[in-house]
Amino acid sequence: MSFTIATETPLSDDVRALVQALNAFTYELTPAEYRHHMTVEQMAQPDTTLFVARDAGGATLGMGALRRHDGVGEVKRMFVKPEARGLGVGGAILARIEDLARQEGLSRVVLETGSNFDAAKRVYERGGFQTCEPVLDYPPSAWTAFYAKSL
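Computed from a predicted model, the values in this text were never measured in an experiment.

Focus on the packing of aromatic side chains
If you walk through the whole model with that rule in mind, you get 5 aromatic pairs. Taking the centre distance of 5.7 Å and the plane angle of 55 degrees together, the rings of F25 and F117 count as tilted. Here the residue F25 occupies a position in helix α1 (residues 13-29), and F117 occupies one in the loop between β5 (108-114) and α4 (118-126), the gap between them amounting to 92 residues. Taken together, the ring pairs in this structure connect F25, F79 and F117 into an aromatic cluster.

Here's the deal with unusual backbone geometry
Residue R77 is not a glycine yet carries a positive backbone phi of 55 degrees. Mapped onto the elements, R77 comes out in strand β4 (residues 72-80). Judged by its relative accessible area of 8%, R77 falls in the buried class. Notably, L136 is not glycine yet its phi reads approximately 50 degrees, a positive angle. Its location among the elements puts L136 in the loop between β6 (130-131) and β7 (144-150).

Remarks on the nonpolar core
Nonpolar side chains in soluble globular proteins generally cluster together in the buried interior. Within the largest apolar cluster, 23 residues are counted, with the highest numbers of intra-cluster contacts made by V75, I93, Y124 and F129. Breaking this core down by element, the ones donating at least two residues are β2 (48-55), β3 (60-69), β4, α3 (89-103), β5, α4 and β7.

Remarks on the environment of A21
One can find A21 in helix α1. For the pair A21 and F146, spaced 125 residues apart in sequence, the C-alpha separation works out to 22 Å.

Section: the sheet that holds β3
Strand order across the open sheet formed by 7 strands is β1-β2-β3-β4-β5-β7-β6, with mixed pairing between neighbours. Two strands in the sheet have a free side with no partner beyond their single neighbour: β1 (3-8) and β6. Inspection of the sheet shows β5 paired to β7 by 7 bridges, in the antiparallel sense. Counted as the bridge partner of L111 is Y147 from β7.

Remarks on the pattern of salt bridges
All told, the structure shown has 10 salt bridges when counted by the stated rule. With its nearest N and O atoms 3.4 Å apart, the salt bridge here joins R67 to D47. In this pair, R67 sits in strand β3 while D47 sits in the loop between α2 (40-43) and β2, placing the two residues 20 residues apart along the sequence. Looking at R67, the relative accessible area reads 25%, which means it is partly exposed. Linking D99 and R102 is a salt bridge whose minimum nitrogen-to-oxygen distance equals 3.7 Å. Here R102 and D99 lie together in helix α3, a separation of 3 residues that amounts to about one turn. Among the residues examined, R102 registers a relative accessible area of 41% and is labelled partly exposed. In the salt-bridge network here, residues are joined through shared partners; they are E98, D99, R102 and K149.

The rules behind these values
- Residues numbered from 1 in each chain as written.
- Predicted model: local features only at pLDDT ≥ 70, side-chain atom pairs only at ≥ 80, totals over all residues.
- Heavy atoms only, no water.
- Phe/Tyr/Trp six-rings, centres within 6.5 Å; stacked < 30°, edge-to-face > 60°.
- Helix = DSSP H or I, 4+ residues; strand = E, 2+ residues; numbered from the N terminus.
- Buried < 20%, exposed > 50% of the residue type's maximum accessible area, 1.4 Å probe, protein only.
- Core = buried A, V, L, I, M, F, W, Y, C linked by side-chain atoms within 4.5 Å.
- Pairing = 2+ DSSP bridges.
- Salt bridge = Lys/Arg side-chain N within 4 Å of Asp/Glu carboxyl O.

Pasting the structure below:
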């Protein structure tokens, strides 16, 4: 399957649907007090750039965002629809996030994910991310895994 990735507003209906699907997925796997979600309104702020993958017909396949924190980039809201998993969509979105972070002169990209999100962790590890201590202001927990990559 071919797909394209572009920066988009998170405020469109189809991106809102992706966010709802991501939230539903994480709600099943993570207790509420350990979820660190961004709303679409937060994702629309100037410190965040959203990438959306679409198939040849324009249907959304996945998304991921770069959020900036004083010289450090954070990967946020990574999600690939179940029917598009295994096609390289997540890795391609992650590469776009890293490319933008490099272009902007960021020195490091970090992320927080669920400790039981095995598919996501594989994407990050294939992308050269290494496990690390807690990043930014996220508290450590048994439900959380942290990754970082120097650029």
